[in-house]
Every structure is written in C-alpha cells, then in structure tokens.
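# Topology and contacts: notes
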Amino acid sequence: MRKTLYLKFLLAYLIFGFFGFVVVATFVSSMTMEHLKREKADALYREATLIANTYASDLYNVETSLESVKKQLDALDTYLSARLWIINPSGRLILDSQSPIDVENETVISDFDPTVTETSYYTVGYFFGSFTEEQLSVFAPITSNYKVRGYVVIHYPMVNISISCNGLLNISYLMLVILFLLSLIILIFFTEMVYLPLRRITEATEQYAAGNMHYEFQIDSEDEIGYLGATLSYMANEIARSEDDQKKFVANVSHDFRSPLTSIKGYLEAMLDGTIPPEFYEKYLTIVLNETERLTKLTNGLLTLNNLNTKGILLDKSAFNINMVIRNTAASFEGTCKNKTIAIELILTGDELYVNADVEKIQQVLYNLLDNAIKFSSPDSIIKIETTEKHNKVFVSVKDSGIGIPKDDLKLIWDRFYKSDSSRGKDKRGTGLGLSITKEIIHAHGEHINVISTEGVGSEFIFSLPVAEDENED
Ligand code: ADP
C-alpha cells in the first residue's frame, strides 16, 4: 500500500503532464492554426477589397496603365509579404506582383472557378495547380457597371502561418512546462501532508497488529489525518490499558482463589496424614467450610460482574417502595448487629417512597453497602440509612462512623478486588468485588453513586434512583 499510493499519485501527475502535452499538440495547435488562418484571411480580404475598389477598378474605369497598377501591387506585395494577382473572370492573369508584365505570353489559369471559396471568402490549396506550396488565397471581385470585370486575388503562403502558429505553440508548451513544474508543489504538499503522516500511521498499525500496543507516534497536523492518528493512538492506549486491566484481573482472581484453596488443601492433608487429630476435625472443618463459602462468594461475585458488564444488561424494572426494601435489608442484618452491638437508624422520607428500578439488584446494592458499613464500624456505633427526595430523584445514604477510607484509596475502592490496607486486618473474608458490583448496578440504571469519607471518622455512600412516575404501578 505504501509504495503504490505514492506511485499512483506520481502516475496521475505524469498522466496529467502527458495529456497536457497531447491537448496542446492537438486541440490547441489546430485551434491556433484555424485562428491565425482566419485572422490572416480577414486582413487580406480587407486589403483585396480595397485594391479591387481602388487601383484595380481604375484599370477598367479610367485610363490607368498596367505599369502604374503593378507598381502599387509590388509595393503591397512587399508590405504584406503576399503575392497579388489580378485575373479576369475567365482565369487570364492580368497582373502578377511577382512577375513582369508580359502581354505576349499570357498566363491562363485553367479550370479557374471564382466560386471555389463557396460561402467563405478564402481558400487553402494550390490554387488550381498554380503553386507548388500551399497558399491561403483571398478573392475580391472587381466590379464596374454592376458587372464583375475581374478579381483581386492575394496569395499568402501557408508556411508563414505555420511558422507563426509554431511560435505561439512554443509559448503554450513553455507555459505547460511551467505549470507542470508548479504543480510539483502539489506533489510536495501531498508528500508532506498525506503520504508521510499516512506512512507513520501504517507503521503504527503494523506495530499494533504485531502486539506492540505501547508503540508511540506523533502526527502534528490538525486536519483529518491528524485526527485519524490521534484516534488510532487513543484506541491503542485503550486496548493496552484494557489488556493491562485484564492481566491484573486474572492475577487478582488467581491470587484470591489460590489462598483459600491452599488453606483448604493444607487442612485436609493435615487431617489425612494425622497431623490434625480427629478431636480437632470439627474446628478445622469449620475453617474449611468458611473458605469454601468465600470461594462461592467470589465465584458468584465474578459471575454477577460478568453479567453486569455485558452491554445493555436487562434490568427487570418496576415501581417499588424503597423504604420497605431498606427496612427488610436492615432487618436481615439484625443478628450481626446484635453481636457487634451496632444500631441501625432509619431516617426515611414518608411512609412509602416509590422508585423505578430493578428491585433485586437494588437489594444487592443495599446489602453490599450495609455489609461494608457493619464490617468497618466499631462496636457500639450507629449506622444511619436515610432517604430523601429531590428533583424527581430519590437519594439513599448509608452512613457509618467506622474506620473511614484513606483519601488516596477513595478512587480505588470501586475497582475490582480492591481492598484497602487498613481494611485487610478487619475484613479477612471480603472479596473486593462488592463495590464494583454496586457501582455497575447503579450505572446500569443510569444513576450515580458517591462516597464521602474521612479516615477515622466514618463513611457515607449516597446513590440516586429515579422516582416512579406512577406510584400505583407495580
Ligand atoms: P469487600 O467485599 O472486600 O468489602 P468492597 O468492594 O465492598 O469489597 O470494598 C472495597 C474496599 O473499600 C474495602 O476493602 C474497604 O477497604 C473499603 N470500604 C468499603 N466500604 C467501606 C466503609 N463503609 N468503611 C470503610 N472502608 C470501606
């Protein structure tokens, strides 16, 4: 592709030059010739008419000698570089500007036919065989007493017209060459603005195709080519980033699967080889069971995320009372809260507050947020769940006064598998998937979720949901 595009353009350039030459050599040449011939014929015809009306007609009307008319014709011959004749209607040559008067030997033009010019006033040829070279011959009748007495014929050699024509054509050829050289500028522009940037883009695509997604290239122009380059570079960066994410993701998954599997394997082997005596089986089997539960949770979380990530996930939307869902979710944590002596305070707007969303998914969101709030709260603290309605939206807030999230971690907590260092000690069973699932669910609804947190003070997660238009709809 690289070579041919340039060659094609070069070929087009040469074809342009060739056709330019052909046009000048054919059309322009014949048009110039025609124009010069007509112009010369016009001028000579005017001259012939003048002679026919003056000196030549004097020859028939007044007593003017042939010699004196011949002198005039000779002068005009030199002036016009043309041969002037006066012939009578039967073709007898009366006067010739280029040969002396010879009454004895009359020259008669055989087959002379004054209508040879047809509708025109000139003819090109050998004038009834009188010349060996082509002539442009112009006729003007000499009339006296309404009778045609003879003709003034002016012959101009076609060679002279060809010489002038060639002179003009040479100028055209010169112009063509200048134009051809000037159009080299287009070739230079093409090379600089299209060909070279395109070559850089092609090189980059080759690198990307070979898997080198971190290959960098620069195109400075701000036109379509520049835009193409920037888009391509952006695309490669995105692919590289997603590849890196994928690698990180696989590493995280493997790591998170390996640790429970290692501990399960370790305990089971110890039981089999007798390192753990049968009286401790119950204790260690409980640990093994907890680890398998963690693996199940991890697998379920991954599956949920995978489904959420598929573009255009189907949400089973309906209008439901969010206050009731909150009450039920809070109730399901009663046991855990009692153990940690944590209270959940519900500050709900109205008795019923209808939103339009996928109830099961929102339940999961509330579950994840409340689970985290309890996990990261210190005993004897209060968790507040609040609903407010504003601008056709319902805002749900889950606020705890727990360990809080370090400022640097705030952006990262939404990433898959992210667990802040401070949380690791408190929460050994967390998968780091809860908040990414939560975020995906809320985004799938076209809504937003935010966090406000201060380390050591507490965290507040707020998400929005659309108010159900018709509260009775279900
Ligand atoms: P996990 O299942 O491990 O809790 P999440 O995605 O739900 O994973 O949370 C990611 C991390 O965000 C947690 O490990 C924790 O560090 C931080 N986090 C989430 N919620 C809170 C909270 N209410 N208080 C403090 N830290 C939190």
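Because the structure is predicted, anything quoted here is derived from the model rather than measured.

## Description of the pairing of strand 6 (residues 147-157)
- In terms of strand pairing, strand 1 (residues 83-87) meets strand 6 through five bridges, oriented antiparallel. Its bridge partner lying in strand 6, isoleucine 86 is registered against valine 152.
- By the bridge criterion, ten bridges tie strand 5 (residues 135-144) to strand 6 in an arrangement that is antiparallel. Paired with alanine 140 across the two strands is valine 152, which belongs to strand 6.
- Following strand 5, the chain reverses through two residues before pairing antiparallel with strand 6; asparagine 145 in that reversal takes a positive phi of roughly 55°.

## So, the packing of aromatic side chains
- A complete count under the given rule lists 22 aromatic pairs for this structure.
- With 3.9 Å between their ring centres and 5° between their planes, phenylalanine 9 and phenylalanine 190 make a pair best called stacked. With phenylalanine 9 in helix 1 (residues 2-53) and phenylalanine 190 in helix 5 (residues 184-209), this residue pair connects regions lying 181 residues apart in the sequence.
- Note on phenylalanine 9: relative accessible area 28%, which makes it partly exposed.
- According to the relative accessible area criterion, phenylalanine 190 is buried, its value standing at 12%.
- The interplanar angle of 45° and the centroid separation of 5.6 Å between the aromatic rings of phenylalanine 127 and phenylalanine 139 together place this pair among those described as tilted.

## Observations concerning the domain arrangement of the protein
- Domains assigned within the protein are domain 1 (5-180), domain 2 (224-309) and domain 3 (317-466).
- On a C-alpha basis, the centroid separation for the pair domain 2 and domain 3 is 24 Å.
- Residue-level contacts link 14 residues of domain 2 with 14 residues of domain 3.
- Taking both sides of the interface into account, the surface hidden between domain 2 and domain 3 amounts to around 1300 Å²; carbon and sulfur atoms contribute 65%.
- Taken together, domain 2 and domain 3 are joined by zero salt bridges.
- The tally of links from domain 2 across to domain 3 stands at zero residue pairs in polar contact (both at pLDDT 80 or more).
- Listed by contribution, the elements that provide at least two residues to the side of domain 2 that touches domain 3 are helix 6 (224-272) and helix 7 (281-309).
- Considering each element in turn, the side of domain 2 that touches domain 3 owes the most residues, ten residues, to helix 7.
- Class assignment of the residues belonging to the side of domain 2 that touches domain 3 gives a composition of six nonpolar, four polar and four charged.

Parameters and conventions
- Residues numbered from 1 in each chain as written.
- Predicted model: local features only at pLDDT ≥ 70, side-chain atom pairs only at ≥ 80, totals over all residues.
- Heavy atoms only, no water.
- Pairing = 2+ DSSP bridges.
- Helix = DSSP H or I, 4+ residues; strand = E, 2+ residues; numbered from the N terminus.
- Phe/Tyr/Trp six-rings, centres within 6.5 Å; stacked < 30°, edge-to-face > 60°.
- Buried < 20%, exposed > 50% of the residue type's maximum accessible area, 1.4 Å probe, protein only.
- Domains from an automatic or database assignment.
- Contact = heavy atoms within 4.5 Å.
- Buried area = accessible area lost by both parts, 1.4 Å probe.
- Salt bridge = Lys/Arg side-chain N within 4 Å of Asp/Glu carboxyl O.
- Polar contact = N/O pair within 3.5 Å; in protein donor to acceptor, adjacent residues only side chain to side chain.
- Nonpolar A, V, L, I, M, F, W, Y, C, P; charged D, E, K, R; others polar.

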